[in-house]
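The primary structure of each chain is shown beneath.
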Amino acid sequence: MTRNLGEFCARFVAPLLGGGTVHVAAPVRPADFRAMAGELATLRNGDVAALRLQRAQQLVAEPDLQDPGAEELALWVALYNLLVLDHPDRGRVWARQATWRRVESAARYWLLFARPEGFSAALANHAAVGAFLELSRRDQILSGAEGELRFVGQEIPRRRLRWTVPGALSVREETIAWWSSAHVPEVAALQQDVLWASPVTCLLRPLTAPPGYSPLEGASFLRHRAFARAVCHAWASSRHWIEIGGTVLGSLLFSLTGRPLSGATPAAQGTGAASAGAKPMLALPAPVDTAGPEDVAALVAALIHVHFLRVLELGARLGVAPTSRDRPVQMFLALPLLLPTLGDVLGSPLGGTSGLGFDAQVERRWIEYIDHLGELIPRSVVENLLATLVPRVVKAEE
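Small disclaimer: the values here were computed from a predicted structure and weren't measured.

Conventions adopted
- Residues numbered from 1 in each chain as written.
- Predicted model: local features only at pLDDT ≥ 70, side-chain atom pairs only at ≥ 80, totals over all residues.
- Heavy atoms only, no water.
- Helix = DSSP H or I, 4+ residues; strand = E, 2+ residues; numbered from the N terminus.
- Buried < 20%, exposed > 50% of the residue type's maximum accessible area, 1.4 Å probe, protein only.
- Contact = heavy atoms within 4.5 Å.
- Areas by Shrake-Rupley, 256 points an atom, 1.4 Å probe, with all protein chains shown as cover.
- Core = buried A, V, L, I, M, F, W, Y, C linked by side-chain atoms within 4.5 Å.
- Polar contact = N/O pair within 3.5 Å; in protein donor to acceptor, adjacent residues only side chain to side chain.
- Phe/Tyr/Trp six-rings, centres within 6.5 Å; stacked < 30°, edge-to-face > 60°.
- Axes fitted to C-alpha atoms, helices over the stretch in contact; angles between N-to-C directions.
- Parallel < 35°, antiparallel > 145°, perpendicular 65-115°, else oblique.
- Nonpolar A, V, L, I, M, F, W, Y, C, P; charged D, E, K, R; others polar.

Trainee: Report on the overall build of the protein chain, specifying residues and quantitative values.
Mentor: Along its length, the protein chain carries 19 helices and three strands. Residue burial in the protein chain is summarised as follows: out of 398 residues, 48% are buried. The contacts in the protein chain between residues at least 6 apart in sequence include a share of 78% that link residues at least 24 apart. Surface summary for the protein chain: the accessible area is close to 19900 Å², and the carbon and sulfur share equals 51%.

Trainee: Outline the nonpolar core, supporting the account with residue identities and numerical values.
Mentor: Formed by 118 residues in total, the largest nonpolar core has its most connected members in Phe-8, Phe-227, Trp-235, Leu-249, Leu-335 and Leu-389. Once residues within four sequence positions are removed from consideration, Leu-249 is found in contact with Leu-303, Pro-328, Met-331, Phe-332, Leu-335, Leu-385 and Leu-389.

Trainee: Help me get a handle on the side chain of His-126, residues and values and all.
Mentor: For His-126, the position within the fold is in helix α6 (residues 119-133). A distance of 2.7 Å separates a polar atom in the side chain of His-126 from a polar atom in the side chain of Thr-201. Apart from residues no more than four positions distant in its own chain, His-126 is found in contact with Leu-59, Ala-131, Ser-198, Val-200, Thr-201 and Leu-204.

Trainee: Describe the packing of aromatic side chains, and please don't skip the residues or the numbers.
Mentor: Inspection of the entire model under this criterion finds 14 aromatic pairs. Relative to Phe-12, the ring of Phe-8 has its centre 5.7 Å away and its plane inclined at 35°; by these criteria the two rings are tilted. Residue Phe-8 and its partner Phe-12 are located together in helix α1 (residues 5-18), separated by four residues, close to a single helical turn. You can call Phe-8 buried: its relative accessible area is 2%.

Trainee: Describe the packing of α1 against helix α4 (residues 70-85), listing the residues and the values that go with them.
Mentor: In contact at an axis separation of 11 Å, α1 and α4 are set at 75° when each is read in the N-to-C sense. By the angle between their directions, the pair α1 and α4 is classed as roughly perpendicular. Where α1 abuts α4, its residues Leu-5, Phe-8, Phe-12, Val-13 and Leu-16 lie against Leu-73, Trp-76, Val-77, Leu-79, Tyr-80 and Leu-83. A breakdown of the residues in the contact of α1 with α4 according to their chemical character gives 11 nonpolar, no polar and no charged.

Following this line, the structure appears as C-alpha coordinates:
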(Lines give C-alpha, C1' and ligand atoms only; values in the text may rest on other atoms or scores of the structure.)
Protein backbone atom coordinates (compact mmCIF):
# COMPACT_ATOMS: atom_id res chain seq x y z
CA MET A 1 0.00 0.00 0.00
CA THR A 2 1.09 3.57 -0.64
CA ARG A 3 0.89 6.03 2.25
CA ASN A 4 3.71 8.39 1.33
CA LEU A 5 2.80 11.09 -1.20
CA GLY A 6 6.38 11.50 -2.39
CA GLU A 7 6.68 7.80 -3.22
CA PHE A 8 3.27 7.76 -4.93
CA CYS A 9 4.22 10.73 -7.10
CA ALA A 10 7.64 9.30 -7.93
CA ARG A 11 6.24 5.90 -8.95
CA PHE A 12 3.03 6.99 -10.67
CA VAL A 13 2.17 10.69 -11.02
CA ALA A 14 5.53 11.96 -12.32
CA PRO A 15 5.96 9.12 -14.86
CA LEU A 16 2.35 9.58 -15.99
CA LEU A 17 2.74 13.32 -16.60
CA GLY A 18 6.27 12.99 -17.98
CA GLY A 19 5.72 10.03 -20.26
CA GLY A 20 7.76 7.55 -18.23
CA THR A 21 7.05 4.05 -16.99
CA VAL A 22 4.39 3.98 -14.30
CA HIS A 23 4.60 1.42 -11.50
CA VAL A 24 1.51 -0.20 -10.03
CA ALA A 25 1.41 -2.16 -6.78
CA ALA A 26 -1.30 -2.37 -4.10
CA PRO A 27 -4.42 -0.20 -4.42
CA VAL A 28 -4.63 3.13 -2.63
CA ARG A 29 -7.14 3.00 0.21
CA PRO A 30 -9.21 5.90 1.60
CA ALA A 31 -6.90 6.00 4.63
CA ASP A 32 -3.90 6.35 2.30
CA PHE A 33 -5.66 9.14 0.42
CA ARG A 34 -6.30 11.09 3.61
CA ALA A 35 -2.68 10.70 4.68
CA MET A 36 -1.38 11.91 1.30
CA ALA A 37 -3.84 14.83 1.23
CA GLY A 38 -2.12 16.22 4.30
CA GLU A 39 1.19 16.37 2.40
CA LEU A 40 0.00 18.25 -0.70
CA ALA A 41 1.89 21.40 0.27
CA THR A 42 5.13 19.56 -0.52
CA LEU A 43 4.22 19.49 -4.24
CA ARG A 44 4.29 23.25 -4.78
CA ASN A 45 7.89 23.25 -6.00
CA GLY A 46 8.97 19.91 -7.38
CA ASP A 47 8.92 17.56 -10.33
CA VAL A 48 5.16 17.07 -10.31
CA ALA A 49 4.47 20.81 -10.38
CA ALA A 50 6.88 21.26 -13.29
CA LEU A 51 5.50 18.30 -15.23
CA ARG A 52 1.84 19.30 -14.91
CA LEU A 53 2.78 22.83 -16.02
CA GLN A 54 4.65 21.37 -18.99
CA ARG A 55 1.63 19.25 -19.97
CA ALA A 56 -0.67 22.28 -19.73
CA GLN A 57 1.73 24.34 -21.86
CA GLN A 58 1.28 21.85 -24.67
CA LEU A 59 -2.24 23.23 -24.90
CA VAL A 60 -1.95 26.90 -23.92
CA ALA A 61 1.24 28.95 -23.73
CA GLU A 62 0.62 30.56 -20.33
CA PRO A 63 -1.60 28.26 -18.24
CA ASP A 64 -2.84 29.63 -14.94
CA LEU A 65 -2.56 26.49 -12.80
CA GLN A 66 -3.30 26.51 -9.10
CA ASP A 67 -1.40 24.29 -6.67
CA PRO A 68 -2.62 20.67 -6.60
CA GLY A 69 -5.51 20.21 -4.21
CA ALA A 70 -7.46 17.30 -2.81
CA GLU A 71 -9.61 17.10 -5.96
CA GLU A 72 -6.59 16.65 -8.22
CA LEU A 73 -5.08 14.10 -5.85
CA ALA A 74 -8.38 12.22 -5.96
CA LEU A 75 -8.10 12.07 -9.75
CA TRP A 76 -4.53 10.74 -9.62
CA VAL A 77 -5.48 8.10 -7.06
CA ALA A 78 -8.53 7.01 -9.06
CA LEU A 79 -6.46 6.64 -12.25
CA TYR A 80 -3.90 4.60 -10.33
CA ASN A 81 -6.55 2.27 -8.92
CA LEU A 82 -7.97 1.72 -12.42
CA LEU A 83 -4.62 0.28 -13.43
CA VAL A 84 -4.61 -1.85 -10.29
CA LEU A 85 -8.05 -3.25 -11.13
CA ASP A 86 -6.88 -4.04 -14.66
CA HIS A 87 -3.52 -5.55 -13.69
CA PRO A 88 -2.86 -8.91 -15.41
CA ASP A 89 -1.72 -10.47 -12.11
CA ARG A 90 -4.78 -9.40 -10.17
CA GLY A 91 -6.13 -12.96 -10.13
CA ARG A 92 -3.03 -14.11 -8.26
CA VAL A 93 -3.61 -11.64 -5.42
CA TRP A 94 -5.38 -13.19 -2.46
CA ALA A 95 -8.30 -10.89 -1.83
CA ARG A 96 -12.04 -11.32 -1.53
CA GLN A 97 -14.31 -9.98 -4.26
CA ALA A 98 -15.73 -7.55 -1.72
CA THR A 99 -12.28 -5.95 -1.48
CA TRP A 100 -12.18 -5.27 -5.19
CA ARG A 101 -15.71 -3.88 -5.08
CA ARG A 102 -14.56 -1.41 -2.43
CA VAL A 103 -11.63 -0.39 -4.65
CA GLU A 104 -14.03 0.17 -7.57
CA SER A 105 -16.47 2.12 -5.40
CA ALA A 106 -13.71 4.34 -4.01
CA ALA A 107 -12.39 5.05 -7.51
CA ARG A 108 -15.87 6.05 -8.69
CA TYR A 109 -16.28 8.38 -5.71
CA TRP A 110 -12.87 9.99 -6.27
CA LEU A 111 -13.64 10.58 -9.95
CA LEU A 112 -16.89 12.27 -9.00
CA PHE A 113 -15.11 14.33 -6.34
CA ALA A 114 -12.46 15.35 -8.91
CA ARG A 115 -14.89 17.05 -11.30
CA PRO A 116 -13.42 20.53 -11.83
CA GLU A 117 -14.85 23.95 -11.19
CA GLY A 118 -13.29 26.58 -13.41
CA PHE A 119 -10.81 26.50 -16.26
CA SER A 120 -7.68 26.19 -14.12
CA ALA A 121 -8.89 22.99 -12.43
CA ALA A 122 -10.18 21.61 -15.74
CA LEU A 123 -6.80 22.23 -17.37
CA ALA A 124 -5.02 20.45 -14.51
CA ASN A 125 -7.39 17.49 -14.83
CA HIS A 126 -6.71 17.31 -18.56
CA ALA A 127 -2.98 17.14 -17.88
CA ALA A 128 -3.56 13.85 -16.06
CA VAL A 129 -6.44 12.42 -18.09
CA GLY A 130 -4.87 13.35 -21.42
CA ALA A 131 -1.69 11.55 -20.40
CA PHE A 132 -3.73 8.60 -19.11
CA LEU A 133 -5.41 8.20 -22.51
CA GLU A 134 -1.97 8.02 -24.09
CA LEU A 135 -0.72 5.20 -21.87
CA SER A 136 0.54 2.09 -23.64
CA ARG A 137 1.84 -1.26 -22.54
CA ARG A 138 4.37 -3.63 -24.08
CA ASP A 139 3.31 -7.25 -24.40
CA GLN A 140 5.75 -10.04 -25.13
CA ILE A 141 4.44 -13.00 -27.12
CA LEU A 142 6.02 -16.43 -27.07
CA SER A 143 5.30 -18.48 -30.20
CA GLY A 144 5.98 -22.19 -30.59
CA ALA A 145 4.62 -25.42 -31.98
CA GLU A 146 1.72 -25.40 -29.51
CA GLY A 147 0.64 -21.86 -30.32
CA GLU A 148 1.18 -18.44 -28.75
CA LEU A 149 1.39 -17.31 -25.15
CA ARG A 150 1.01 -13.59 -24.39
CA PHE A 151 2.61 -11.97 -21.35
CA VAL A 152 0.59 -8.79 -20.81
CA GLY A 153 2.85 -5.86 -19.95
CA GLN A 154 5.55 -8.21 -18.71
CA GLU A 155 8.72 -9.89 -19.84
CA ILE A 156 8.77 -13.62 -20.50
CA PRO A 157 10.05 -15.48 -17.40
CA ARG A 158 13.50 -16.96 -17.85
CA ARG A 159 12.27 -20.39 -16.78
CA ARG A 160 10.13 -20.47 -19.93
CA LEU A 161 13.20 -20.11 -22.14
CA ARG A 162 15.96 -21.83 -20.18
CA TRP A 163 15.44 -25.46 -21.26
CA THR A 164 14.09 -24.75 -24.74
CA VAL A 165 15.76 -26.13 -27.86
CA PRO A 166 17.27 -23.15 -29.75
CA GLY A 167 15.03 -22.12 -32.63
CA ALA A 168 11.98 -23.96 -31.30
CA LEU A 169 10.41 -20.75 -29.98
CA SER A 170 10.23 -17.19 -31.20
CA VAL A 171 9.59 -14.03 -29.21
CA ARG A 172 8.03 -10.83 -30.46
CA GLU A 173 6.85 -7.63 -28.78
CA GLU A 174 3.68 -5.59 -29.34
CA THR A 175 2.81 -2.11 -28.08
CA ILE A 176 -0.86 -1.81 -27.12
CA ALA A 177 -2.77 1.41 -26.43
CA TRP A 178 -4.13 0.79 -22.94
CA TRP A 179 -7.27 2.93 -23.17
CA SER A 180 -8.68 1.24 -26.29
CA SER A 181 -7.73 -2.32 -25.32
CA ALA A 182 -10.03 -4.83 -23.62
CA HIS A 183 -10.55 -4.33 -19.88
CA VAL A 184 -12.19 -6.06 -16.96
CA PRO A 185 -15.84 -4.98 -16.49
CA GLU A 186 -15.10 -2.69 -13.52
CA VAL A 187 -12.54 -0.70 -15.50
CA ALA A 188 -14.73 -0.55 -18.62
CA ALA A 189 -17.46 1.03 -16.49
CA LEU A 190 -15.08 3.51 -14.82
CA GLN A 191 -13.59 4.72 -18.13
CA GLN A 192 -16.67 6.86 -18.72
CA ASP A 193 -16.31 8.40 -15.25
CA VAL A 194 -12.70 9.30 -16.10
CA LEU A 195 -13.87 11.29 -19.10
CA TRP A 196 -16.60 13.04 -17.11
CA ALA A 197 -13.85 14.28 -14.77
CA SER A 198 -12.12 16.12 -17.64
CA PRO A 199 -14.37 18.39 -19.76
CA VAL A 200 -11.29 19.82 -21.50
CA THR A 201 -10.35 16.34 -22.74
CA CYS A 202 -13.90 15.74 -23.94
CA LEU A 203 -13.94 19.04 -25.81
CA LEU A 204 -10.61 18.29 -27.48
CA ARG A 205 -11.64 14.71 -28.32
CA PRO A 206 -15.41 14.79 -28.85
CA LEU A 207 -15.43 11.37 -30.53
CA THR A 208 -14.16 9.90 -27.24
CA ALA A 209 -16.62 11.77 -25.01
CA PRO A 210 -18.83 9.65 -22.70
CA PRO A 211 -22.54 8.97 -23.26
CA GLY A 212 -24.72 11.96 -22.46
CA TYR A 213 -21.85 14.45 -22.65
CA SER A 214 -22.70 17.88 -24.03
CA PRO A 215 -20.10 20.28 -25.49
CA LEU A 216 -21.82 22.97 -23.42
CA GLU A 217 -20.08 21.41 -20.39
CA GLY A 218 -16.84 23.09 -21.46
CA ALA A 219 -18.08 25.79 -23.82
CA SER A 220 -17.36 28.58 -21.32
CA PHE A 221 -13.66 27.66 -21.53
CA LEU A 222 -13.66 28.81 -25.16
CA ARG A 223 -13.73 32.38 -23.86
CA HIS A 224 -10.02 31.86 -23.17
CA ARG A 225 -8.59 32.86 -26.54
CA ALA A 226 -5.56 30.55 -26.42
CA PHE A 227 -7.69 27.55 -25.50
CA ALA A 228 -10.25 28.31 -28.20
CA ARG A 229 -7.41 28.38 -30.73
CA ALA A 230 -6.11 25.03 -29.46
CA VAL A 231 -9.56 23.41 -29.74
CA CYS A 232 -10.14 24.69 -33.28
CA HIS A 233 -6.76 23.44 -34.45
CA ALA A 234 -7.27 20.07 -32.71
CA TRP A 235 -10.57 19.57 -34.54
CA ALA A 236 -9.32 20.86 -37.88
CA SER A 237 -6.10 18.83 -37.86
CA SER A 238 -7.92 15.53 -37.50
CA ARG A 239 -8.66 13.49 -40.61
CA HIS A 240 -12.09 12.95 -39.02
CA TRP A 241 -12.79 16.69 -38.86
CA ILE A 242 -16.19 16.40 -40.55
CA GLU A 243 -17.28 13.63 -38.18
CA ILE A 244 -16.04 15.70 -35.25
CA GLY A 245 -17.98 18.72 -36.43
CA GLY A 246 -21.14 16.68 -36.87
CA THR A 247 -20.75 15.12 -33.44
CA VAL A 248 -20.22 18.45 -31.66
CA LEU A 249 -23.09 20.18 -33.44
CA GLY A 250 -25.43 17.21 -33.05
CA SER A 251 -24.71 17.00 -29.32
CA LEU A 252 -25.16 20.77 -29.02
CA LEU A 253 -28.57 20.71 -30.68
CA PHE A 254 -29.60 17.70 -28.60
CA SER A 255 -28.62 19.62 -25.45
CA LEU A 256 -30.60 22.67 -26.54
CA THR A 257 -33.75 20.94 -27.72
CA GLY A 258 -33.75 17.62 -25.87
CA ARG A 259 -34.69 15.89 -29.11
CA PRO A 260 -32.38 13.56 -31.07
CA LEU A 261 -31.83 14.47 -34.70
CA SER A 262 -33.32 12.19 -37.32
CA GLY A 263 -30.58 10.43 -39.25
CA ALA A 264 -27.97 11.24 -36.60
CA THR A 265 -25.28 8.84 -35.46
CA PRO A 266 -25.43 7.76 -31.77
CA ALA A 267 -22.42 9.96 -30.91
CA ALA A 268 -24.05 13.04 -32.42
CA GLN A 269 -27.20 12.39 -30.38
CA GLY A 270 -25.22 12.71 -27.17
CA THR A 271 -24.81 8.98 -26.61
CA GLY A 272 -21.04 9.08 -27.04
CA ALA A 273 -18.71 6.27 -28.05
CA ALA A 274 -19.03 4.02 -25.05
CA SER A 275 -16.89 0.94 -24.71
CA ALA A 276 -18.64 -2.41 -24.83
CA GLY A 277 -19.92 -3.43 -21.45
CA ALA A 278 -19.53 0.05 -19.95
CA LYS A 279 -22.09 1.47 -17.55
CA PRO A 280 -22.10 5.20 -18.31
CA MET A 281 -23.26 7.84 -15.91
CA LEU A 282 -26.78 9.09 -16.45
CA ALA A 283 -26.82 12.57 -17.94
CA LEU A 284 -29.60 14.87 -19.07
CA PRO A 285 -29.37 17.46 -21.84
CA ALA A 286 -27.86 20.67 -20.52
CA PRO A 287 -30.64 23.22 -19.90
CA VAL A 288 -30.43 26.33 -22.05
CA ASP A 289 -30.67 28.67 -19.07
CA THR A 290 -27.55 27.17 -17.49
CA ALA A 291 -25.48 27.26 -20.68
CA GLY A 292 -26.13 30.81 -21.85
CA PRO A 293 -26.24 32.15 -25.41
CA GLU A 294 -22.59 33.22 -25.20
CA ASP A 295 -21.57 29.59 -24.78
CA VAL A 296 -23.66 28.52 -27.76
CA ALA A 297 -22.17 31.34 -29.83
CA ALA A 298 -18.63 30.31 -28.83
CA LEU A 299 -19.21 26.73 -29.98
CA VAL A 300 -20.76 27.79 -33.28
CA ALA A 301 -17.91 30.23 -33.93
CA ALA A 302 -15.35 27.49 -33.22
CA LEU A 303 -17.08 25.08 -35.62
CA ILE A 304 -17.16 27.70 -38.39
CA HIS A 305 -13.50 28.47 -37.78
CA VAL A 306 -12.69 24.78 -38.35
CA HIS A 307 -14.05 25.20 -41.90
CA PHE A 308 -11.81 28.22 -42.40
CA LEU A 309 -8.71 26.43 -41.13
CA ARG A 310 -9.36 23.61 -43.59
CA VAL A 311 -9.67 26.15 -46.41
CA LEU A 312 -6.35 27.69 -45.40
CA GLU A 313 -4.79 24.21 -45.62
CA LEU A 314 -6.41 23.57 -49.03
CA GLY A 315 -8.02 20.44 -47.58
CA ALA A 316 -11.69 21.31 -47.23
CA ARG A 317 -13.24 20.60 -50.63
CA LEU A 318 -11.50 17.23 -50.87
CA GLY A 319 -12.79 16.23 -47.44
CA VAL A 320 -16.44 17.21 -47.95
CA ALA A 321 -18.51 14.18 -48.93
CA PRO A 322 -21.35 15.29 -51.22
CA THR A 323 -23.35 12.09 -50.58
CA SER A 324 -23.39 12.31 -46.77
CA ARG A 325 -26.87 11.75 -45.36
CA ASP A 326 -25.91 12.13 -41.71
CA ARG A 327 -28.09 15.01 -40.55
CA PRO A 328 -25.63 16.51 -38.01
CA VAL A 329 -22.84 16.33 -40.60
CA GLN A 330 -25.01 18.19 -43.10
CA MET A 331 -25.77 20.81 -40.46
CA PHE A 332 -22.10 21.20 -39.61
CA LEU A 333 -21.26 21.68 -43.28
CA ALA A 334 -24.05 24.26 -43.52
CA LEU A 335 -22.74 26.47 -40.69
CA PRO A 336 -20.66 28.83 -42.91
CA LEU A 337 -23.86 29.54 -44.86
CA LEU A 338 -25.25 31.19 -41.72
CA LEU A 339 -22.59 33.92 -41.65
CA PRO A 340 -24.79 36.49 -43.43
CA THR A 341 -27.18 36.13 -40.47
CA LEU A 342 -24.67 35.59 -37.66
CA GLY A 343 -21.81 37.78 -38.89
CA ASP A 344 -22.78 40.70 -36.64
CA VAL A 345 -22.57 38.41 -33.58
CA LEU A 346 -19.71 36.06 -34.47
CA GLY A 347 -17.64 38.22 -36.79
CA SER A 348 -15.96 36.96 -39.97
CA PRO A 349 -13.12 34.41 -40.28
CA LEU A 350 -11.52 36.79 -42.80
CA GLY A 351 -11.04 39.42 -40.13
CA GLY A 352 -13.09 42.21 -41.66
CA THR A 353 -11.95 45.66 -40.55
CA SER A 354 -10.08 44.40 -37.49
CA GLY A 355 -6.71 44.60 -39.23
CA LEU A 356 -6.41 40.82 -39.39
CA GLY A 357 -7.61 40.46 -42.96
CA PHE A 358 -6.11 37.88 -45.31
CA ASP A 359 -4.89 38.31 -48.86
CA ALA A 360 -7.16 38.16 -51.90
CA GLN A 361 -6.27 34.54 -52.68
CA VAL A 362 -7.47 33.30 -49.28
CA GLU A 363 -10.61 35.40 -49.53
CA ARG A 364 -11.33 33.97 -52.98
CA ARG A 365 -10.86 30.40 -51.76
CA TRP A 366 -13.20 31.03 -48.81
CA ILE A 367 -15.90 32.48 -51.04
CA GLU A 368 -15.56 29.56 -53.47
CA TYR A 369 -15.83 27.13 -50.56
CA ILE A 370 -19.03 28.74 -49.29
CA ASP A 371 -20.47 28.65 -52.83
CA HIS A 372 -19.56 24.96 -53.00
CA LEU A 373 -21.39 24.32 -49.71
CA GLY A 374 -24.41 26.22 -51.01
CA GLU A 375 -24.63 23.80 -53.92
CA LEU A 376 -24.00 20.78 -51.70
CA ILE A 377 -26.30 21.35 -48.70
CA PRO A 378 -30.11 21.06 -49.07
CA ARG A 379 -31.95 24.27 -48.35
CA SER A 380 -34.07 22.49 -45.72
CA VAL A 381 -30.94 21.96 -43.59
CA VAL A 382 -30.14 25.67 -43.59
CA GLU A 383 -33.74 26.55 -42.76
CA ASN A 384 -33.68 24.10 -39.86
CA LEU A 385 -30.59 25.80 -38.44
CA LEU A 386 -32.15 29.23 -38.90
CA ALA A 387 -35.13 28.08 -36.85
CA THR A 388 -33.38 26.08 -34.11
CA LEU A 389 -29.83 27.38 -33.67
CA VAL A 390 -29.67 30.97 -34.86
CA PRO A 391 -32.20 32.37 -32.33
CA ARG A 392 -30.10 30.98 -29.47
CA VAL A 393 -26.93 32.58 -30.86
CA VAL A 394 -28.44 35.95 -31.67
CA LYS A 395 -29.45 36.29 -28.02
CA ALA A 396 -25.77 36.67 -27.26
CA GLU A 397 -25.91 40.16 -28.76
CA GLU A 398 -28.81 41.29 -26.59
